[in-house]
Amino acid sequence: MELRLDGKVALVTGSSRGIGLAIATAFARAGAAVMLSSRKAEALAQAAAELPGRTAWFAANAGDPEATEACVAATVQRLGGLDILVNNAATNPYMGPLMGLDIPRADKTVQVNQRALVTWTQAAWRAAMAERGGVVINLASIGGMSIEPAIGWYNVTKAAVIQLTRQLAAELAPGVRVNALAPGLVKTDMARALWEPNEEAIASHLPLGRLGEPQDVAGAALFLASDAASWITGHTLVVDGGALVGVRRVTG
Ligand SMILES: NC(=O)c1ccc[n+]([C@@H]2O[C@H](COP(=O)([O-])OP(=O)(O)OC[C@H]3O[C@@H](n4cnc5c(N)ncnc54)[C@H](OP(=O)(O)O)[C@@H]3O)[C@@H](O)[C@H]2O)c1
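Now for a quick tour of the structure. Here the structure is a predicted model, which means the values were calculated and not measured.

1. Observations concerning a nonpolar patch on the surface
A cluster of nonpolar side chains, Met-145, Val-238 and Leu-244, forms an exposed patch at the surface whose accessible area comes to about 220 Å². Among the secondary structure elements, Met-145 is positioned in the loop between β5 (134-139) and α5 (152-172).

2. A few points about the sheet that holds strand β7 (residues 236-239)
Hydrogen bonds between backbone atoms are what pair the strands of a sheet, whose relative direction is either parallel or antiparallel. Strand order in the open sheet formed by seven strands is β3-β2-β1-β4-β5-β6-β7, and the pairing between neighbours is parallel. Taken across any chain shown, the strands that pair with only one partner, and hence form the sheet edges, are β3 (55-59) and β7. Between one strand and the next, the sheet's axes are offset by a mean angle of 15°, whatever the strand orientation. Pairing of strand β4 (residues 84-87) with β5 involves four bridges; the strand directions are parallel. The partner of Leu-85 across the bridge, within β5, is Val-136. Seen against the sheet, helix α1 (residues 18-29) touches β1 (9-13), β2 (33-38), β4 and β5 and runs at an angle of roughly 170° to β1. Relative to the sheet, helix α3 (residues 65-79) contacts β1, β2 and β3, its axis offset from that of β3 by approximately 160°.

3. A few points about the pairing of strand β6 (residues 176-183)
For β6, a buried count of eight out of eight residues is recorded, marking the element as mostly surrounded by other parts of the structure. Burial of the side chains of β6 extends over both faces: Val-176, Val-178, Ala-180 and Ala-182 are buried on one face and Arg-177, Asn-179, Leu-181 and Pro-183 on the other. Handedness of the crossover joining β5 and β6 through α5: right-handed.

4. Regarding helix α4 (residues 103-132)
Taken as a whole, α4 carries its principal kink of about 65° at Trp-125. Directly after α4, the chain includes Gly-133, whose backbone phi takes a positive value near 75°.

Quick notes on the rules
- Residues numbered from 1 in each chain as written.
- Predicted model: local features only at pLDDT ≥ 70, side-chain atom pairs only at ≥ 80, totals over all residues.
- Heavy atoms only, no water.
- Patch = residues over 30% accessible without salt bridge, like charges linked within 9 Å, V, L, I, M, F, W, Y side chains within 5 Å.
- Areas by Shrake-Rupley, 256 points an atom, 1.4 Å probe, with all protein chains shown as cover.
- Salt bridge = Lys/Arg side-chain N within 4 Å of Asp/Glu carboxyl O.
- Helix = DSSP H or I, 4+ residues; strand = E, 2+ residues; numbered from the N terminus.
- Pairing = 2+ DSSP bridges.
- Axes fitted to C-alpha atoms, helices over the stretch in contact; angles between N-to-C directions.
- Contact = heavy atoms within 4.5 Å.
- Buried < 20%, exposed > 50% of the residue type's maximum accessible area, 1.4 Å probe, protein only.
- Right-handed = clockwise from strand over helix to strand, strands pointing away.
- Bend = angle between axes of the 7 residues up to and from the residue.

Spelled out as structure tokens, the structure:
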């Protein structure tokens, strides 16, 4: 089955680079009109210029509810609707144990990684999806299913994304399907401090033998957005090269 999104309008947050840009590119190649959004206008304009098909961009901080409303309204106005929302933007301002976490960075992480999923979905629901249905895809992480000392608070918000996905799926059915993606380590700017110093060593422990590329996650997002996933909701799809399988090599 070919995965097509012809005639659909998609909005991807955090889409000027990394996984968000790969998802926006895959959706545009599959025929969707795509709204790109992140904080920096220049990077967005550059990214939008390289995408095929109908695109637009709107600078918005994902954690700002007013900017959220404005971006969703601009999507409907410029692209004619909103069928697919990808809540991809996230932040990780604090690395270290929870005992050292300060309130400003704790709150910022929750605003962007967790609360924003609700405010963007509310805006999309009110502007279009309550009437014509749709698809929401949230970016979780395998960190939300396991323990990693360096990024514990970020991972708590990613565990919340998995639960939010189930809750929203139940509340918005049957018109809107809500699913999540849980990537393992993907070679983007956000995760650079984790993968760059020891890429080969990490890859050698992964069953599929390499770290993720943004395109690996984009393929799974295209599947969830498409009619091929029309009986799937409330699910978190792990895309991690087998990391959670946890193969321990005891021979050769
Ligand atoms: N990379 C990984 O290993 C990995 C693993 C698991 C899950 N994830 C998840 O995958 C998603 C994408 O991550 P990535 O690795 O692709 O990150 P990335 O390469 O750093 O890209 C982040 C994107 O989000 C935008 N952004 C950052 N803060 C924002 C904010 N407050 N409001 C709006 N846009 C914002 C950035 O543009 P501006 O800076 O211009 O705003 C950029 O477009 C995130 O949800 C992340 O948690 C990543």
